[in-house]
Amino acid sequence: MNRPDGRRFDELRDIEAKAGIIKRADGSASFKIGDTIAYAAVYGPRNLYPKFLQNPEKGVLRCSYNMMPFSGSGERIRPGSSRRSKEISLVTQKALLPAINLNEFPNSVIDIFIEFPQTDAGSRCAGICAVSIALAEAGIPMKELVAAVAVGLVNGEVAVDLSKEEEDLGGAVDIPIAVTTRSGKISLLQMDGMIKAEDIKKGVALGKKACQKIFEIQKKALKEKYNTQ
Amino acid sequence: MYNNLKLHIINCLNENIRFDGRKNDEHRKITVEYGISKSAEGSARVKIGNTEVIVGVKTEIGTPYPDKPGEGTIMVGAELTPLSNPDFENGPPSIQAIELARVIDRGLRESEAMDFKQLCIKEGEKVWLLLIDICTVNDEGNLFDASSLAALAALKDMHFPAFDGEKIDYKKKSEKKLELKEEPLSVTVYKIGEKYVIDPTNEEEVFVDSRLTVAATSDGTICALQKGGDSALTEEDIDAMIDLSIKKTQELRKHL
(Lines give C-alpha, C1' and ligand atoms only; values in the text may rest on other atoms or scores of the structure.)
Protein backbone atom coordinates (compact mmCIF):
# COMPACT_ATOMS: atom_id res chain seq x y z
CA MET A 1 0.00 0.00 0.00
CA ASN A 2 1.47 3.25 -1.14
CA ARG A 3 -0.04 6.57 -0.13
CA PRO A 4 1.56 9.85 -1.14
CA ASP A 5 1.75 11.10 2.45
CA GLY A 6 2.95 7.73 3.80
CA ARG A 7 -0.18 6.92 5.81
CA ARG A 8 -1.39 3.36 6.37
CA PHE A 9 -4.55 2.43 4.42
CA ASP A 10 -6.69 2.73 7.58
CA GLU A 11 -4.96 5.79 8.99
CA LEU A 12 -6.85 9.07 9.35
CA ARG A 13 -5.17 12.43 8.94
CA ASP A 14 -4.51 14.39 12.15
CA ILE A 15 -7.74 15.52 13.76
CA GLU A 16 -8.44 18.39 16.13
CA ALA A 17 -11.95 19.05 17.40
CA LYS A 18 -13.18 21.80 19.67
CA ALA A 19 -16.62 22.56 21.02
CA GLY A 20 -18.02 26.02 21.74
CA ILE A 21 -15.92 28.14 19.37
CA ILE A 22 -18.68 30.58 18.39
CA LYS A 23 -20.05 32.36 21.42
CA ARG A 24 -23.19 33.75 19.79
CA ALA A 25 -24.41 30.37 18.61
CA ASP A 26 -26.45 28.01 20.78
CA GLY A 27 -23.94 25.31 19.96
CA SER A 28 -20.79 25.31 17.87
CA ALA A 29 -17.67 23.35 17.03
CA SER A 30 -14.62 23.28 14.84
CA PHE A 31 -13.34 20.08 13.26
CA LYS A 32 -9.96 19.98 11.56
CA ILE A 33 -8.91 16.88 9.65
CA GLY A 34 -5.65 17.23 7.76
CA ASP A 35 -5.87 20.57 6.01
CA THR A 36 -9.68 20.70 5.97
CA ILE A 37 -11.19 22.96 8.61
CA ALA A 38 -14.94 23.07 9.30
CA TYR A 39 -16.77 25.49 11.59
CA ALA A 40 -20.32 24.62 12.56
CA ALA A 41 -22.91 26.67 14.41
CA VAL A 42 -26.35 25.62 15.64
CA TYR A 43 -29.12 28.16 16.24
CA GLY A 44 -32.35 27.04 17.77
CA PRO A 45 -34.78 25.57 18.31
CA ARG A 46 -36.28 28.90 17.27
CA ASN A 47 -39.48 30.08 15.62
CA LEU A 48 -39.82 29.21 11.96
CA TYR A 49 -41.02 31.82 9.50
CA PRO A 50 -42.72 32.07 7.04
CA LYS A 51 -45.36 30.18 8.95
CA PHE A 52 -46.36 27.76 6.19
CA LEU A 53 -42.96 26.08 6.60
CA GLN A 54 -43.85 25.07 10.15
CA ASN A 55 -44.59 21.47 10.97
CA PRO A 56 -47.05 21.09 13.89
CA GLU A 57 -45.87 17.52 14.49
CA LYS A 58 -42.14 18.05 14.90
CA GLY A 59 -39.28 20.45 14.44
CA VAL A 60 -37.56 21.18 11.14
CA LEU A 61 -33.82 20.72 10.64
CA ARG A 62 -32.21 23.13 8.16
CA CYS A 63 -28.62 22.74 7.01
CA SER A 64 -26.44 25.11 5.10
CA TYR A 65 -23.00 24.18 3.76
CA ASN A 66 -20.83 27.01 2.52
CA MET A 67 -17.21 27.33 1.52
CA MET A 68 -15.65 30.71 2.20
CA PRO A 69 -14.62 32.34 -1.09
CA PHE A 70 -10.91 31.80 -0.45
CA SER A 71 -11.15 28.24 0.86
CA GLY A 72 -10.93 26.32 -2.41
CA SER A 73 -7.82 24.82 -3.94
CA GLY A 74 -8.08 26.85 -7.14
CA GLU A 75 -9.67 30.15 -8.05
CA ARG A 76 -11.89 32.15 -5.72
CA ILE A 77 -15.31 30.59 -5.17
CA ARG A 78 -18.16 32.93 -5.91
CA PRO A 79 -20.12 33.64 -2.75
CA GLY A 80 -23.65 32.35 -2.44
CA SER A 81 -25.12 28.93 -2.91
CA SER A 82 -24.32 26.70 -5.84
CA ARG A 83 -25.80 23.42 -7.05
CA ARG A 84 -22.95 21.66 -5.27
CA SER A 85 -23.41 23.42 -1.94
CA LYS A 86 -27.17 22.90 -2.03
CA GLU A 87 -26.80 19.18 -2.61
CA ILE A 88 -24.23 18.86 0.17
CA SER A 89 -26.54 20.80 2.52
CA LEU A 90 -29.27 18.28 1.70
CA VAL A 91 -27.19 15.14 2.28
CA THR A 92 -25.79 16.66 5.48
CA GLN A 93 -29.30 17.14 6.78
CA LYS A 94 -30.21 13.56 5.87
CA ALA A 95 -27.03 12.29 7.53
CA LEU A 96 -27.96 13.96 10.83
CA LEU A 97 -31.73 13.39 10.96
CA PRO A 98 -31.64 9.77 12.21
CA ALA A 99 -29.67 10.87 15.29
CA ILE A 100 -31.86 13.77 16.35
CA ASN A 101 -35.15 13.77 18.16
CA LEU A 102 -37.22 16.62 16.71
CA ASN A 103 -40.55 15.57 18.27
CA GLU A 104 -40.15 18.00 21.14
CA PHE A 105 -40.01 21.05 18.88
CA PRO A 106 -43.21 21.41 16.87
CA ASN A 107 -43.41 24.56 14.69
CA SER A 108 -39.73 25.27 15.34
CA VAL A 109 -36.55 25.12 13.35
CA ILE A 110 -33.02 24.10 14.23
CA ASP A 111 -30.64 25.91 11.92
CA ILE A 112 -27.22 24.55 11.17
CA PHE A 113 -24.54 26.57 9.40
CA ILE A 114 -21.27 25.07 8.25
CA GLU A 115 -18.42 27.22 6.94
CA PHE A 116 -14.96 26.31 5.71
CA PRO A 117 -11.99 28.67 5.89
CA GLN A 118 -9.68 26.05 4.34
CA THR A 119 -10.32 22.78 2.51
CA ASP A 120 -8.35 19.79 1.34
CA ALA A 121 -10.87 17.04 0.45
CA GLY A 122 -13.43 15.47 2.76
CA SER A 123 -15.19 18.72 3.56
CA ARG A 124 -18.74 17.36 3.74
CA CYS A 125 -17.58 14.68 6.19
CA ALA A 126 -15.66 17.20 8.30
CA GLY A 127 -18.78 19.37 8.29
CA ILE A 128 -20.96 16.52 9.57
CA CYS A 129 -18.46 15.70 12.33
CA ALA A 130 -18.40 19.36 13.42
CA VAL A 131 -22.18 19.74 13.34
CA SER A 132 -22.65 16.61 15.41
CA ILE A 133 -20.52 18.10 18.20
CA ALA A 134 -22.27 21.47 17.86
CA LEU A 135 -25.75 19.90 18.13
CA ALA A 136 -24.74 18.08 21.29
CA GLU A 137 -23.27 21.27 22.72
CA ALA A 138 -26.51 23.09 21.91
CA GLY A 139 -28.34 20.54 24.03
CA ILE A 140 -30.48 19.22 21.19
CA PRO A 141 -31.83 15.78 22.21
CA MET A 142 -29.83 13.20 20.29
CA LYS A 143 -29.92 9.43 20.28
CA GLU A 144 -26.28 9.29 19.28
CA LEU A 145 -23.54 11.28 17.58
CA VAL A 146 -22.81 11.06 13.89
CA ALA A 147 -19.27 10.66 12.59
CA ALA A 148 -18.29 10.80 8.94
CA VAL A 149 -15.28 10.01 6.81
CA ALA A 150 -14.53 9.45 3.15
CA VAL A 151 -13.16 6.13 2.00
CA GLY A 152 -12.04 5.34 -1.48
CA LEU A 153 -9.52 3.85 -3.80
CA VAL A 154 -5.96 5.11 -3.85
CA ASN A 155 -3.76 3.48 -6.48
CA GLY A 156 -6.43 0.77 -6.78
CA GLU A 157 -6.56 -0.04 -3.08
CA VAL A 158 -9.18 0.73 -0.45
CA ALA A 159 -8.13 3.49 1.97
CA VAL A 160 -9.74 5.92 4.41
CA ASP A 161 -9.80 9.71 4.50
CA LEU A 162 -8.48 10.66 1.09
CA SER A 163 -6.54 13.91 0.79
CA LYS A 164 -6.92 16.23 -2.20
CA GLU A 165 -3.63 14.94 -3.54
CA GLU A 166 -4.98 11.38 -3.44
CA GLU A 167 -8.32 12.38 -4.93
CA ASP A 168 -6.50 13.93 -7.86
CA LEU A 169 -4.63 10.71 -8.69
CA GLY A 170 -6.01 8.90 -11.72
CA GLY A 171 -8.68 6.27 -10.96
CA ALA A 172 -9.36 7.58 -7.46
CA VAL A 173 -12.79 6.75 -6.03
CA ASP A 174 -14.44 8.86 -3.34
CA ILE A 175 -17.07 7.39 -1.00
CA PRO A 176 -18.20 9.72 1.78
CA ILE A 177 -19.85 7.78 4.62
CA ALA A 178 -21.57 8.92 7.79
CA VAL A 179 -22.12 6.48 10.63
CA THR A 180 -24.50 6.78 13.56
CA THR A 181 -22.07 5.95 16.29
CA ARG A 182 -24.18 3.83 18.66
CA SER A 183 -26.45 1.90 16.32
CA GLY A 184 -23.75 1.67 13.66
CA LYS A 185 -26.02 2.55 10.75
CA ILE A 186 -25.02 4.41 7.61
CA SER A 187 -26.77 7.76 7.17
CA LEU A 188 -24.71 9.19 4.31
CA LEU A 189 -23.46 7.23 1.37
CA GLN A 190 -22.32 8.70 -1.89
CA MET A 191 -19.83 7.51 -4.42
CA ASP A 192 -18.20 8.62 -7.59
CA GLY A 193 -15.71 6.72 -9.71
CA MET A 194 -15.49 3.13 -10.81
CA ILE A 195 -15.25 0.41 -8.20
CA LYS A 196 -16.04 -3.29 -7.70
CA ALA A 197 -18.92 -4.19 -5.40
CA GLU A 198 -16.63 -6.09 -3.01
CA ASP A 199 -14.39 -3.05 -2.65
CA ILE A 200 -17.41 -0.98 -1.59
CA LYS A 201 -18.15 -3.54 1.13
CA LYS A 202 -14.55 -3.38 2.25
CA GLY A 203 -14.63 0.40 2.16
CA VAL A 204 -17.80 0.72 4.20
CA ALA A 205 -16.44 -1.65 6.85
CA LEU A 206 -13.21 0.35 6.96
CA GLY A 207 -15.14 3.62 7.16
CA LYS A 208 -17.23 2.36 10.08
CA LYS A 209 -14.08 1.48 12.00
CA ALA A 210 -12.55 4.88 11.26
CA CYS A 211 -15.75 6.59 12.42
CA GLN A 212 -15.40 4.93 15.83
CA LYS A 213 -12.02 6.65 16.17
CA ILE A 214 -13.60 9.97 15.16
CA PHE A 215 -16.40 9.34 17.68
CA GLU A 216 -13.83 9.16 20.49
CA ILE A 217 -12.39 12.52 19.37
CA GLN A 218 -15.88 14.06 19.25
CA LYS A 219 -16.65 12.84 22.76
CA LYS A 220 -13.33 14.18 24.00
CA ALA A 221 -14.04 17.61 22.50
CA LEU A 222 -17.41 17.75 24.26
CA LYS A 223 -15.96 16.66 27.59
CA GLU A 224 -13.15 19.22 27.34
CA LYS A 225 -15.69 22.00 26.93
CA TYR A 226 -17.19 21.16 30.31
CA ASN A 227 -13.95 20.28 32.06
CA THR A 228 -13.67 22.94 34.74
CA GLN A 229 -10.18 22.04 35.98
CA MET B 1 -37.97 48.30 28.16
CA TYR B 2 -35.68 49.37 25.35
CA ASN B 3 -35.99 53.00 26.40
CA ASN B 4 -35.02 52.13 29.95
CA LEU B 5 -32.01 50.17 28.75
CA LYS B 6 -30.98 53.04 26.50
CA LEU B 7 -31.24 55.46 29.39
CA HIS B 8 -29.16 53.12 31.50
CA ILE B 9 -26.48 52.83 28.81
CA ILE B 10 -26.36 56.61 28.39
CA ASN B 11 -26.08 57.14 32.15
CA CYS B 12 -23.18 54.70 32.25
CA LEU B 13 -21.45 56.36 29.29
CA ASN B 14 -21.80 59.73 31.00
CA GLU B 15 -19.84 58.18 33.89
CA ASN B 16 -17.30 56.88 31.34
CA ILE B 17 -17.93 53.25 32.24
CA ARG B 18 -19.51 50.50 30.19
CA PHE B 19 -21.31 47.28 31.08
CA ASP B 20 -18.12 45.27 30.62
CA GLY B 21 -16.06 47.74 32.67
CA ARG B 22 -14.32 49.47 29.76
CA LYS B 23 -13.97 53.21 29.31
CA ASN B 24 -15.78 54.85 26.39
CA ASP B 25 -12.64 55.04 24.25
CA GLU B 26 -11.27 51.59 24.98
CA HIS B 27 -11.09 48.57 22.67
CA ARG B 28 -11.63 45.07 23.94
CA LYS B 29 -8.64 42.69 23.81
CA ILE B 30 -7.34 42.42 20.24
CA THR B 31 -5.47 39.49 18.71
CA VAL B 32 -4.23 39.12 15.14
CA GLU B 33 -3.25 35.75 13.65
CA TYR B 34 -1.65 35.45 10.23
CA GLY B 35 -1.84 32.63 7.67
CA ILE B 36 -4.94 30.93 9.02
CA SER B 37 -6.01 29.48 5.65
CA LYS B 38 -3.60 27.54 3.45
CA SER B 39 -6.11 27.73 0.60
CA ALA B 40 -5.79 31.52 0.39
CA GLU B 41 -2.75 33.41 -0.87
CA GLY B 42 -2.93 35.54 2.24
CA SER B 43 -5.15 35.34 5.30
CA ALA B 44 -5.63 36.60 8.82
CA ARG B 45 -7.93 36.20 11.78
CA VAL B 46 -8.73 39.13 14.04
CA LYS B 47 -10.47 38.85 17.37
CA ILE B 48 -11.73 41.90 19.20
CA GLY B 49 -13.15 40.54 22.41
CA ASN B 50 -15.40 37.72 21.23
CA THR B 51 -15.92 39.26 17.80
CA GLU B 52 -14.05 37.20 15.23
CA VAL B 53 -13.48 37.99 11.57
CA ILE B 54 -11.34 36.19 9.02
CA VAL B 55 -10.12 37.65 5.76
CA GLY B 56 -8.64 35.71 2.86
CA VAL B 57 -7.01 37.03 -0.29
CA LYS B 58 -7.20 35.08 -3.54
CA THR B 59 -5.38 36.07 -6.71
CA GLU B 60 -6.58 35.65 -10.25
CA ILE B 61 -5.41 36.78 -13.67
CA GLY B 62 -7.71 39.18 -15.46
CA THR B 63 -7.75 41.83 -18.14
CA PRO B 64 -7.18 45.44 -17.08
CA TYR B 65 -9.78 48.19 -17.37
CA PRO B 66 -9.44 49.96 -20.75
CA ASP B 67 -8.70 53.32 -19.07
CA LYS B 68 -5.96 51.80 -16.89
CA PRO B 69 -4.17 49.27 -19.09
CA GLY B 70 -1.08 49.11 -16.87
CA GLU B 71 -2.82 48.49 -13.56
CA GLY B 72 -4.29 45.52 -11.77
CA THR B 73 -6.98 45.98 -9.18
CA ILE B 74 -8.47 44.83 -5.91
CA MET B 75 -11.98 43.80 -5.01
CA VAL B 76 -13.35 43.55 -1.50
CA GLY B 77 -16.32 41.36 -0.60
CA ALA B 78 -17.93 40.77 2.76
CA GLU B 79 -20.03 37.84 3.90
CA LEU B 80 -22.00 38.33 7.06
CA THR B 81 -22.36 34.61 7.58
CA PRO B 82 -25.46 33.32 9.36
CA LEU B 83 -23.00 31.27 11.40
CA SER B 84 -21.83 34.39 13.18
CA ASN B 85 -25.08 36.05 14.25
CA PRO B 86 -28.63 34.71 14.63
CA ASP B 87 -29.97 37.75 12.74
CA PHE B 88 -27.88 37.18 9.60
CA GLU B 89 -29.44 35.14 6.83
CA ASN B 90 -28.28 33.20 3.81
CA GLY B 91 -28.84 34.77 0.44
CA PRO B 92 -27.54 37.67 -1.60
CA PRO B 93 -25.33 40.15 0.30
CA SER B 94 -27.35 42.36 2.62
CA ILE B 95 -26.98 46.13 2.49
CA GLN B 96 -24.91 45.93 5.70
CA ALA B 97 -22.49 43.52 4.02
CA ILE B 98 -22.21 45.73 0.94
CA GLU B 99 -21.55 48.84 3.01
CA LEU B 100 -18.92 47.06 5.10
CA ALA B 101 -17.14 45.77 1.99
CA ARG B 102 -17.20 49.13 0.24
CA VAL B 103 -15.95 51.07 3.26
CA ILE B 104 -13.02 48.67 3.68
CA ASP B 105 -12.38 48.79 -0.08
CA ARG B 106 -12.19 52.59 -0.09
CA GLY B 107 -9.83 52.66 2.87
CA LEU B 108 -7.40 50.37 1.07
CA ARG B 109 -7.80 51.85 -2.40
CA GLU B 110 -7.79 55.59 -1.68
CA SER B 111 -4.79 55.46 0.64
CA GLU B 112 -2.80 54.35 -2.43
CA ALA B 113 -1.28 51.78 -0.11
CA MET B 114 -0.63 49.58 -3.11
CA ASP B 115 0.77 50.76 -6.36
CA PHE B 116 -1.61 48.99 -8.72
CA LYS B 117 1.16 49.05 -11.36
CA GLN B 118 2.89 46.24 -9.45
CA LEU B 119 -0.13 44.08 -10.33
CA CYS B 120 0.46 44.48 -14.07
CA ILE B 121 1.79 41.41 -15.86
CA LYS B 122 1.45 42.53 -19.50
CA GLU B 123 0.16 45.98 -20.24
CA GLY B 124 -3.33 46.00 -21.71
CA GLU B 125 -3.63 42.21 -21.52
CA LYS B 126 -2.88 40.55 -18.21
CA VAL B 127 -3.05 41.87 -14.69
CA TRP B 128 -3.38 40.43 -11.21
CA LEU B 129 -6.72 40.77 -9.47
CA LEU B 130 -6.63 40.63 -5.68
CA LEU B 131 -9.91 39.31 -4.35
CA ILE B 132 -10.20 40.13 -0.67
CA ASP B 133 -13.03 38.42 1.16
CA ILE B 134 -14.18 39.25 4.67
CA CYS B 135 -16.04 36.47 6.50
CA THR B 136 -17.51 36.91 9.95
CA VAL B 137 -17.19 34.00 12.38
CA ASN B 138 -18.67 35.52 15.52
CA ASP B 139 -20.34 38.93 15.58
CA GLU B 140 -20.33 40.49 19.01
CA GLY B 141 -20.14 44.02 17.70
CA ASN B 142 -17.76 46.30 15.79
CA LEU B 143 -17.27 44.33 12.59
CA PHE B 144 -15.87 47.51 10.98
CA ASP B 145 -12.68 47.72 13.04
CA ALA B 146 -12.16 43.96 13.00
CA SER B 147 -12.58 43.81 9.21
CA SER B 148 -10.25 46.73 8.58
CA LEU B 149 -7.53 45.20 10.72
CA ALA B 150 -8.01 41.72 9.24
CA ALA B 151 -8.00 42.96 5.64
CA LEU B 152 -4.71 44.79 6.11
CA ALA B 153 -3.20 41.84 7.99
CA ALA B 154 -4.24 39.43 5.20
CA LEU B 155 -2.63 41.66 2.56
CA LYS B 156 0.58 41.79 4.61
CA ASP B 157 0.49 37.99 4.85
CA MET B 158 -0.01 37.54 1.11
CA HIS B 159 2.37 35.80 -1.28
CA PHE B 160 1.64 35.65 -4.99
CA PRO B 161 1.13 32.09 -6.26
CA ALA B 162 3.56 30.54 -8.73
CA PHE B 163 2.85 31.81 -12.25
CA ASP B 164 4.60 30.65 -15.41
CA GLY B 165 3.29 33.38 -17.69
CA GLU B 166 0.31 31.27 -18.74
CA LYS B 167 -1.24 29.59 -15.75
CA ILE B 168 -1.33 30.02 -12.00
CA ASP B 169 -0.21 27.09 -9.88
CA TYR B 170 -2.23 27.65 -6.72
CA LYS B 171 -0.44 24.81 -4.95
CA LYS B 172 2.85 26.72 -4.91
CA LYS B 173 3.42 30.12 -3.40
CA SER B 174 6.18 32.28 -4.83
CA GLU B 175 8.57 34.43 -2.81
CA LYS B 176 6.95 37.54 -4.21
CA LYS B 177 5.00 39.56 -1.67
CA LEU B 178 2.69 42.48 -2.12
CA GLU B 179 4.41 45.83 -1.64
CA LEU B 180 2.53 48.11 0.71
CA LYS B 181 3.58 51.74 0.81
CA GLU B 182 1.02 52.64 3.40
CA GLU B 183 -0.89 50.81 6.09
CA PRO B 184 -4.40 52.21 6.07
CA LEU B 185 -6.56 51.30 9.03
CA SER B 186 -9.94 52.50 10.15
CA VAL B 187 -11.56 52.96 13.52
CA THR B 188 -15.27 53.67 13.68
CA VAL B 189 -16.45 56.11 16.32
CA TYR B 190 -20.04 55.76 17.48
CA LYS B 191 -22.23 58.38 19.05
CA ILE B 192 -24.72 57.24 21.68
CA GLY B 193 -26.58 60.10 23.35
CA GLU B 194 -23.99 62.85 23.66
CA LYS B 195 -21.02 60.53 24.11
CA TYR B 196 -18.47 59.12 21.66
CA VAL B 197 -17.80 55.43 21.99
CA ILE B 198 -15.56 53.00 20.18
CA ASP B 199 -15.75 49.23 19.79
CA PRO B 200 -19.39 48.76 20.81
CA THR B 201 -20.83 45.37 21.72
CA ASN B 202 -24.05 44.07 20.09
CA GLU B 203 -25.94 45.43 23.06
CA GLU B 204 -24.58 48.93 22.54
CA GLU B 205 -24.85 48.83 18.73
CA VAL B 206 -28.65 48.73 19.02
CA PHE B 207 -28.65 52.21 20.57
CA VAL B 208 -26.13 53.91 18.29
CA ASP B 209 -27.44 57.25 17.02
CA SER B 210 -24.72 57.79 14.44
CA ARG B 211 -21.28 56.59 13.53
CA LEU B 212 -18.28 57.79 11.60
CA THR B 213 -15.71 55.48 10.07
CA VAL B 214 -12.37 57.18 9.49
CA ALA B 215 -9.62 55.40 7.56
CA ALA B 216 -6.17 56.87 8.04
CA THR B 217 -2.60 56.10 7.05
CA SER B 218 0.23 55.81 9.58
CA ASP B 219 1.03 59.55 9.50
CA GLY B 220 -2.61 60.36 10.27
CA THR B 221 -3.66 61.38 6.75
CA ILE B 222 -7.32 60.56 6.27
CA CYS B 223 -8.08 58.44 3.23
CA ALA B 224 -11.77 57.57 3.55
CA LEU B 225 -14.82 58.50 5.58
CA GLN B 226 -18.25 57.01 6.01
CA LYS B 227 -21.00 58.46 8.14
CA GLY B 228 -23.68 56.03 9.22
CA GLY B 229 -26.59 55.81 11.62
CA ASP B 230 -29.91 57.64 11.66
CA SER B 231 -28.97 60.89 13.42
CA ALA B 232 -27.09 63.84 11.97
CA LEU B 233 -23.74 65.11 13.26
CA THR B 234 -22.62 68.63 14.09
CA GLU B 235 -19.27 70.00 12.91
CA GLU B 236 -17.98 69.69 16.48
CA ASP B 237 -19.04 66.03 16.50
CA ILE B 238 -17.12 65.39 13.30
CA ASP B 239 -13.95 67.08 14.59
CA ALA B 240 -14.04 65.17 17.84
CA MET B 241 -14.83 61.85 16.18
CA ILE B 242 -12.03 62.22 13.64
CA ASP B 243 -9.52 63.10 16.37
CA LEU B 244 -10.52 60.12 18.49
CA SER B 245 -10.48 57.78 15.50
CA ILE B 246 -6.99 58.80 14.35
CA LYS B 247 -5.65 58.42 17.87
CA LYS B 248 -7.14 54.94 18.07
CA THR B 249 -5.89 53.78 14.65
CA GLN B 250 -2.36 54.52 15.87
CA GLU B 251 -2.95 52.22 18.85
CA LEU B 252 -4.44 49.55 16.59
CA ARG B 253 -1.24 49.47 14.52
CA LYS B 254 0.65 47.93 17.44
CA HIS B 255 -1.30 44.71 16.92
CA LEU B 256 0.01 44.20 13.36
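Residues numbered from 1 in each chain as written. Chains lettered and ligands numbered in written order. Predicted model: local features only at pLDDT ≥ 70, side-chain atom pairs only at ≥ 80, totals over all residues.

1. Here we look at the overall build of chain B
Short version of the rule: The helix count covers DSSP runs of H or I at least four residues long, the strand count covers runs of E at least two residues long, and both are numbered beginning at the N terminus. For this measure, only C-alpha atoms enter the radius of gyration; the expected value for a globule follows 2.2 Å times N^0.38, where N is the number of residues. Note on burial: count the other C-beta atoms lying within 10 Å of the residue's C-beta; 20 or more is buried, 12 or fewer is exposed, in between is partly exposed, and C-beta positions come from the backbone.
Of regular secondary structure, chain B possesses 5 helices and 12 strands. The globule rule puts the C-alpha radius of gyration for 256 residues at 18 Å, and the 19 Å found for chain B is close to it. For chain B, the spread of C-alpha atoms along the principal axes amounts to about 65 × 35 × 35 Å. For chain B, with 256 residues in total, the buried portion stands at 43%.

2. What to know about the overall build of chain A
Rule in force here: Contacts here follow a simple rule: the backbone-placed C-beta atoms of the two residues must lie within 7 Å.
Each helix and strand in chain A was counted, giving 4 helices and 9 strands. A globule of 229 residues ought to have a C-alpha radius of gyration of about 17 Å, and chain A, at 17 Å, matches this closely. On the principal axes, the C-alpha backbone points of chain A span a range of 50 × 40 × 35 Å. By the burial criterion, 49% of the 229 residues in chain A qualify as buried. Intrachain contacts of chain A at a sequence separation of at least 6 include 71% that bridge at least 24 residues.

3. Some words on the packing of helix 1 (residues 83-96) of chain A against helix 2 (residues 123-137) of chain A
Residues and elements named next belong to chain A. Put simply, the rule reads: Under this scheme, a helix contributes an axis fitted over its contacting stretch, all axes are lines through C-alpha atoms, and angles between N-to-C directions fall in the 0 to 180 degree range. In this scheme, roughly parallel covers angles under 35 degrees and roughly antiparallel covers those over 145, while 65 to 115 is roughly perpendicular and the rest are oblique. By the definition used in this description, the sense in which the near helix is turned from the far one sets the handedness, with an anticlockwise turn below a right angle giving left-handed and a clockwise turn giving right-handed. Note that Gly is not counted as nonpolar here; it falls among the polar residues with everything else outside the nonpolar set of Ala, Val, Leu, Ile, Met, Phe, Trp, Tyr, Cys and Pro and the charged set of Asp, Glu, Lys and Arg.
Their axes nearest at 10 Å, the elements helix 1 and helix 2 cross at an angle of 45°. The pairing of helix 1 with helix 2 is recorded here as oblique in orientation. You can see that helix 1 and helix 2 cross each other, and the crossing is right-handed. Every residue of helix 2 that contacts helix 1 at I88, V91, T92, A95 and L96 is listed here: R124, G127, I128, V131 and S132. Along the lines of polarity and charge, the residues of the contact of helix 1 with helix 2 split into 6 nonpolar, 3 polar and 1 charged.

4. Overview of the nonpolar core
Where we set the bar: By definition, a nonpolar core groups buried Ala, Val, Leu, Ile, Met, Phe, Trp, Tyr and Cys residues that are joined through C-beta atoms within 7 Å.
One finds A:A130, A:A148, B:A150 and B:A151 to be the most contacted residues of the largest nonpolar core, which totals 133 residues. Every residue in contact with B:A150, bar those within four places of it in the chain, is listed here: B:A44, B:R45, B:V46, B:V53, B:I54, B:V55 and B:I134.

5. Thoughts on the pairing of strand 2 (residues 27-33) of chain A
Rules: Two strands form a pair only when DSSP identifies at least two bridges running between them.
Of all the 7 residues making up strand 2 of chain A, 6 are buried; the element is thus mostly covered by neighbouring parts of the structure. Connecting strand 2 of chain A to the next strand, strand 3 (residues 36-47) of chain A, in antiparallel fashion are 2 residues, including A:G34 with a positive phi near 60°.

6. Looking at the environment of B:V55
All names here are of chain B. Along the chain, the position of V55 falls in strand 3 (residues 51-62). Among the residues examined, V55 registers 32 C-beta atoms within 10 Å and is labelled buried. For V55 and S94, which are 39 residues apart along the polypeptide, the C-alpha to C-alpha distance reads 18 Å. Other than its neighbours up to four places away in sequence, V55 contacts S43, A44, I132, D133, I134, A150, A151 and A154.

7. Remarks on unusual backbone geometry
Residue and element names in this part refer to chain A. With an omega of 0°, the peptide bond between G44 and P45 qualifies as cis. Looking at the secondary structure, you find P45 in strand 3. In this chain, Y49 is followed by P50 through a cis amide linkage whose omega measures -5°. Positionally, P50 belongs in the loop between strand 3 and strand 4 (60-67). Even without being a glycine, N107 presents a positive backbone phi close to 65°. Of note, N107 is situated in the loop between helix 1 and strand 5 (108-118). In this structure N107 comes out as partly exposed when scored by C-beta crowding, with 16 C-beta atoms within 10 Å.

8. A few points about the interface of chain A and chain B
Interface size is often expressed as the accessible area that is lost when the parts come together. If you look at the interface, chain A gives 24 residues, while chain B gives 30 residues. When residues of the side of chain A that touches chain B are assigned to their parent elements, the largest contribution, 4 residues, is made by strand 5 of chain A. Grouping the amino acids of the side of chain A that touches chain B by side-chain chemistry returns 10 nonpolar, 8 polar and 6 charged.

9. With respect to the confidence of the model for chain B
For the record, the criterion: Values of pLDDT, ranging from 0 to 100, describe the predictor's confidence in every residue of the model.
In this model, chain B carries an average pLDDT of 95, and 100% of its residues clear a pLDDT of 70 or more. The ipTM assigned to the predicted complex is 0.94, against a pTM of 0.95.

10. A look at the environment of B:P82
Tracing the chain through its elements places B:P82 in the loop between strand 4 (73-79) and helix 2 (95-110). Since 22 C-beta atoms lie within 10 Å of it, B:P82 is described here as buried. Taking C-alpha positions, B:P82 is 33 Å from B:E182, a pair spaced 100 residues apart along the chain. If near-sequence neighbours (up to four positions away) are discounted, B:P82 is found in contact with A:S64, A:F113, B:F88, B:E89 and B:N90.

11. Looking at the packing of helix 2 of chain A against helix 4 (residues 197-225) of chain A
Residues and elements named next belong to chain A. As a packed pair, helix 2 and helix 4 sit with axes 10 Å apart at the nearest point and diverge in direction by 35°. As helix 2 packs across helix 4, the resulting crossing turns out to be right-handed. Together, C129, S132, I133, A136 and E137 of helix 2 and I214, Q218, A221, L222 and K225 of helix 4 make up the contact between the two elements. Looking at the contact of helix 2 with helix 4, its residues break down into 6 nonpolar, 2 polar and 2 charged.

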